[in-house]
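Working through the structure, step by step
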Amino acid sequence: FMAIDPMGRAMALLLLLSVTATIADSSGNGIHSAAPPPPRFPKEIMMWVVAEKNQTVDGWDAAAKWLRSNRDVVTKVSAQTYFINTSAPSSLGVFDDANAFLVSLQTPLIGARNSTNGLHTERGSPALKTLPWVVPGRGVNSSEVLPLVERILDNPAPFLGALKADVAAKGHYGVNFDLEAWIGHNTSVAWPLQRRYAAFLRAACSELATVGAVVTADLGSTPSFGGNGMYTNISVFGGVPLAPGITMSTYQLHNNFSGHLADAVAAFGSHRAGIGLCDGCHNVNISDADIAAAFGSIAAAGVAEVDWFALVTRGDAVVQAPTGTWLSHLRSFLAS
């Protein structure tokens, strides 16, 4: 027999192993290389904070203390900060109390009260990502809202320019737009408006990105809340680089929760879909099993963010905060 040099012997062995693996694989009995694991995205929980009318510093203070005390169930906070102001040249209005509240959460400060804004902060409390909430206004009549929204859709540049400047100046992580109910309220004008709103949000994403800020938006599947005005077709917004696009149609666990969750994931992908949760939005009693099933669906879909509606400040107290089973599942979600 012809002598085979060591290099040739090694090559022959590799060829034999390759052929053997191919034959075994074609028979269905071979060892298949494992599929790569799906990508993991950092988990986020955003909490909206709703200030009741004539909110005092004590209410904001109570909300700040709750958020810092429950840091294991929250990474991001949104509060009603910006609104559409017809008196401002840019159409941007600012609720200074909400803005100061959000800024106070960004950096741990020292002392019981900060002399600049009067809000309670504690040494060593982890900073939170802040996303001012863009709303039509506080206490605006529903008949007045659509003209307000159309005002910034018709002329977005001044509004977005002023928004970007304030977000950058205050160090906010991003903004959260909440205009969808009015975009879809009148079905005779809903679809053209939704496309205009999608274009507006796309422009907002581009504008805010120049200062390193993200854009999120509250949306809904069709129909939502039993036809109570929220007819946003979430698929229209799938091409907008929202981070994330949040569905509010999942607030009610008994209202086709899994279907609305699937709509959000189909539009944005699991890494850019936010799933809205709300304990006070149910018209029927929900059980611990219902809550567990919802979080099971969220986990199965690989969703990276859930969004809680809402901490409500009432006087010097916080109401509608997650408790019990809700709190346990939120904690597990963020830790997973």
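Preceding block: the structure.
Residues numbered from 1 in each chain as written. Predicted model: local features only at pLDDT ≥ 70, side-chain atom pairs only at ≥ 80, totals over all residues. Heavy atoms only, no water.

**Observations concerning the packing of helix H8 (residues 257–268) against helix H9 (residues 288–301)**
- Relative to each other, H8 and H9 sit at 25°, their axes nearing to 10 Å. For the element pair H8 / H9, the angle class is roughly parallel. Between H8 and H9 the crossing geometry is right-handed. Touching Phe257, Ser258, Leu261 and Val265 of H8 are Ala294, Ser297, Ile298 and Ala301, all from H9.
- For the contact of H8 with H9, a count of residues per class yields six nonpolar, two polar and no charged. (Axes fitted to C-alpha atoms, helices over the stretch in contact; angles between N-to-C directions. Helix = DSSP H or I, 4+ residues; strand = E, 2+ residues; numbered from the N terminus. Parallel < 35°, antiparallel > 145°, perpendicular 65-115°, else oblique. Left-handed = near helix turned anticlockwise from the far one by under 90°. Contact = heavy atoms within 4.5 Å. Nonpolar A, V, L, I, M, F, W, Y, C, P; charged D, E, K, R; others polar.)

**Focus: the packing of aromatic side chains**
- One pass over the structure, following the stated rule, counts twelve aromatic pairs.
- Here tryptophan 48 and tryptophan 133 contribute two aromatic rings whose centre-to-centre distance is 6.1 Å and whose plane-to-plane angle is 40°, an arrangement assigned as tilted. In this pair, tryptophan 48 sits in strand E1 (residues 44–51) while tryptophan 133 sits in strand E5 (residues 133–135), placing the two residues 85 residues apart along the sequence. The pair formed by tryptophan 48 and tryptophan 133 is uniform in burial state, with each residue classed as buried.
- Between tyrosine 197 and phenylalanine 237 the ring centres are 5.8 Å apart and the planes differ by 75°, which places this aromatic pair in the edge-to-face class. Here tyrosine 197, found in helix H7 (residues 187–209), pairs with phenylalanine 237, found in the loop between strand E7 (214–219) and strand E8 (245–247); they are 40 residues apart in sequence, far enough to count as distant. Comparing tyrosine 197 with phenylalanine 237, the two get one shared label, buried.
- What links up through ring pairs into an aromatic cluster is the set Phe159, Phe177, Tyr197, Phe200 and Phe237.
- One Lys or Arg, lysine 43, reaches over the ring of phenylalanine 333 and ends 4.7 Å from the middle of that ring. (Phe/Tyr/Trp six-rings, centres within 6.5 Å; stacked < 30°, edge-to-face > 60°. Buried < 20%, exposed > 50% of the residue type's maximum accessible area, 1.4 Å probe, protein only. Lys NZ or Arg CZ within 6 Å of the ring centre and 35° of its normal.)

**Focus on the pattern of salt bridges**
- Tallied over the entire structure, the rule returns eight salt bridges.
- Arginine 331 is paired through a salt bridge with aspartate 72; the nearest N and O atoms lie 2.5 Å apart. Here the residue arginine 331 occupies a position in helix H10 (residues 324–335), and aspartate 72 occupies one in the loop between helix H2 (57–69) and strand E2 (76–84), the gap between them amounting to 259 residues.
- Since its relative accessible area comes to 33%, arginine 331 is described here as partly exposed.
- By relative accessible area, which is 36% here, aspartate 72 ends up partly exposed.
- Among the salt bridges present, the one from lysine 170 reaches aspartate 166, with a minimum N-O distance of 2.9 Å. One end of the pair, lysine 170, and the other, aspartate 166, are both in helix H5 (residues 156–170), four residues apart, so they sit about a helical turn from each other.
- Taking the relative accessible area as the measure of exposure, lysine 170 reaches 30% and is therefore partly exposed.
- Classification of aspartate 166 as buried rests on a relative accessible area of 15%. (Salt bridge = Lys/Arg side-chain N within 4 Å of Asp/Glu carboxyl O.)

**Quick word on the state of the cysteines**
- In this structure the tally under the stated criterion is one disulfide.
- Paired through a disulfide, cysteine 278 and cysteine 281 show a sulfur-sulfur distance of 2.0 Å. Torsion about the S-S bond of the cysteine 278 and cysteine 281 cystine: about 75°, corresponding to right-handed handedness. A single burial state applies to cysteine 278 and to cysteine 281, both of which are buried. (Disulfide = S-S within 2.5 Å.)

**Details of the pairing of strand E9 (residues 273–277)**
- With five of its five residues buried, E9 lies for the most part within the structure.
- The side-chain alternation of E9 yields two buried faces, one formed by Ala273, Ile275 and Leu277 and the other by Gly274 and Gly276.
- Handedness of the β-α-β unit built from E8, H8 and E9 comes out right-handed.
- Relative to strand E10 (residues 305–314), E9 runs parallel, the two sharing four bridges. Looking at the pairing, glycine 276 lines up with aspartate 307 of E10. (Right-handed = clockwise from strand over helix to strand, strands pointing away. Pairing = 2+ DSSP bridges.)

**With respect to the pairing of E10**
- The buried fraction of E10 amounts to eight of the ten residues, a majority that puts the element mostly inside the structure.
- Both E1 and E10 contribute to a ladder of seven bridges, which runs parallel. Following the sheet pairing, alanine 51 is matched in E10 by threonine 313.
- Sheet topology note: the E10/strand E11 (residues 317–319) ladder contains three bridges and is antiparallel. Bridge pairing links valine 312 to valine 319 in E11.

**Concerning H2**
- With 13 residues, H2 should reach 18 Å at 1.5 Å per residue; the first-to-last C-alpha distance of 18 Å fits that figure.
- Among the residues of H2, Gly59, Trp60, Asp61, Ala62, Ala63, Ala64, Trp66, Leu67 and Arg68 are the ones counted as buried.
- Where H2 is buried, its residues contact E1, E2, helix H3 (96–106), E10 and E11. (Expected span 1.5 Å × (residues − 1).)

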